[in-house]
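Commentary on secondary and tertiary structure
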Amino acid sequence: MTFPSLKFDRRNFLKIFSLLTLSALTPKKVGAGEDFRNDKNIPEKYIQNRDTPGFHIRSANPFFGVDTQSWGLAVGGMVENPVGLAYEDLFGLKMYSQVSRLKCVECWSAKAKWEGFRFDELVKKVRPAPSAKFVYIQSADSYYESFLLDELLQPRALFVLRMDGQPLSREHGFPLRLIIPCKYGYKNIKYITRIQFLDSRKRNYWAINGPYSVDGTIQPGVDHPLDFRKKPLPINGGEVFHFFDDPA
Ligand SMILES: Nc1nc2c(c(=O)[nH]1)N[C@H]1C(S)=C(S)[C@@H](COP(=O)(O)O)O[C@H]1N2
Ligand SMILES: [Mo]
């Protein structure tokens, strides 16, 4: 008896892989009651909210972080060509670098050098339907964000793999996070596992579990930069620049 030859090229592998990771990593829905942000008894080994000096850590749902062996990025939804990417595949994309501030809606901001790829590369790979003008992003810690496609196509929005010359740390979103400096920190989603193109807008974690807008554009007001001893400085709204920042 002969077996039909099995065509198992990389592309098929990636499709199968993406189906597997989808079922393994699709975040469980977290209700408002399961939010750990006010819990004072979370064991130290969890990634959790921490006011570390140079750059605070904010993670609404404490977890152990991502292991690259089982991690995959599934990009799909209303697209012609859904893809599944492994960690190594991301390094085949063109890398850009920028220094920008992340400003948490709670007030503090901190600056880092970020390196990553731009969203148009993924868009070219998957070919979204013309009506798919919205993007929904999910992560390994049951967090999720929602964007207009155009917001992610602006040049300062980066899908980041490296921070300050190192791979992202476990706390700051390893292996993949978004940095979108004109939006509050909560839109800068860490531990990304799944990106979907949709024809309607979904709500984000902090609109459902808190008082924050889906849009999340930084508003005029006051910033408390960690690299200026949290002293208050006025800001205009949009991406934050201070007098002591080098011109971008
Ligand atoms: N997956 C995930 N991404 C997330 C969060 C989170 O809880 N989970 N917190 C957000 C918030 S509120 C902020 S201010 C920034 C903080 O990024 P940092 O922990 O690297 O400082 O991450 C954002 N991205
Ligand atoms: Mo935040």
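A short tour of the structure in this document, coming up. (Residues numbered from 1 in each chain as written. Chains lettered and ligands numbered in written order. Predicted model: local features only at pLDDT ≥ 70, side-chain atom pairs only at ≥ 80, totals over all residues. Heavy atoms only, no water.)

Residue position: Asp 141 is located in the loop between β5 (134–139) and β6 (144–148). Of the side chains bearing the opposite charge, Lys 190 lies closest to the buried Asp 141, which forms no salt bridge; the N-O distance is 6.6 Å. Reaching out from Asp 141, the side chain makes a polar contact with the side chain of Ser 139 at a distance of 2.7 Å. Ignoring sequence-local partners within four residues, the contact set of Asp 141 consists of Asn 61, Phe 63 and Tyr 191. (Helix = DSSP H or I, 4+ residues; strand = E, 2+ residues; numbered from the N terminus. Buried < 20%, exposed > 50% of the residue type's maximum accessible area, 1.4 Å probe, protein only. Lys, Arg positive; Asp, Glu negative; His and termini not counted. Salt bridge = Lys/Arg side-chain N within 4 Å of Asp/Glu carboxyl O. Polar contact = N/O pair within 3.5 Å; in protein donor to acceptor, adjacent residues only side chain to side chain. Contact = heavy atoms within 4.5 Å.)

As a further point, take the packing of aromatic side chains. Applying the stated criterion to the full structure yields 20 aromatic pairs. Relative to Trp 114, the ring of Phe 55 lies with its centre 5.9 Å away and its plane at 85 degrees, an arrangement referred to as edge-to-face. Note that Phe 55 is positioned in the loop between α1 (10–25) and β1 (73–77) and Trp 114 in strand β4 (residues 108–117), a separation of 59 residues in sequence. Trp 114 sits in the buried class, given a relative accessible area of 0%. (Phe/Tyr/Trp six-rings, centres within 6.5 Å; stacked < 30°, edge-to-face > 60°.)

Turning next to helix α3 (residues 119–126). Burial in α3 covers these residues: Phe 119, Leu 122, Val 123 and Val 126. What you see down the axis of α3 is that its buried residues fit within an arc of 105 degrees, all on one side. Of the residues one or two after α3, Arg 127 is the one with positive phi, at around 55 degrees. (Arc of directions from axis to C-beta.)

Approximately 480 Å³ is the volume attributed to the largest pocket. If you trace the largest pocket, you find 27 residues lining it, with Arg 58, Ser 59, Tyr 143, Tyr 186 and Trp 206 closest to the centre. Residues of the lining of the largest pocket, tallied by class, amount to 13 nonpolar, 8 polar and 6 charged. (1 Å grid on protein atoms, 1.4 Å probe; cavity = no way out; pocket = protein on both sides within 12 Å on 5 of 7 lines; lining within 4 Å. Points joined across faces, edges and corners; volume = space filled by probe spheres on them. Nonpolar A, V, L, I, M, F, W, Y, C, P; charged D, E, K, R; others polar.)

This model, assessed by the stated rule, comprises 16 salt bridges. A salt bridge links Asp 51 to Arg 58, with the nearest nitrogen and oxygen atoms 2.7 Å apart. Taking relative accessible area as the criterion, Asp 51 reaches 52% and is therefore assigned exposed. Using a relative accessible area of 25% as the deciding quantity, one classes Arg 58 as partly exposed. Close ionic contact of Glu 171 with Arg 170 constitutes a salt bridge, the shortest N to O distance being 3.5 Å.

A separate point is the environment of Asp 120. Residue position: Asp 120 is located in helix α3. What makes Asp 120 partly exposed here is its relative accessible area of 35%. For the pair formed by Asp 120 and Asp 150, sequence separation is 30 residues and the distance between their alpha carbons is 10.0 Å.

Before going further, it helps to spend a moment on the pairing of β1. Along β1, 4 of the 5 residues are buried, which leaves the element largely enclosed by surrounding structure. Bridge count between β1 and strand β2 (residues 83–85): 3 bridges; the pairing is antiparallel. Note on β2: the bridge partner recorded for Ala 74 is Gly 84. The antiparallel pairing of β1 with β2 creates a hairpin that spans 5 residues between the two strands. Summarising the sheet, β1 and strand β10 (residues 192–198) pair through 4 bridges and their orientation is parallel. Within the sheet, the bridge partner assigned to Ala 74 lies in β10 and is Arg 194. (Pairing = 2+ DSSP bridges.)

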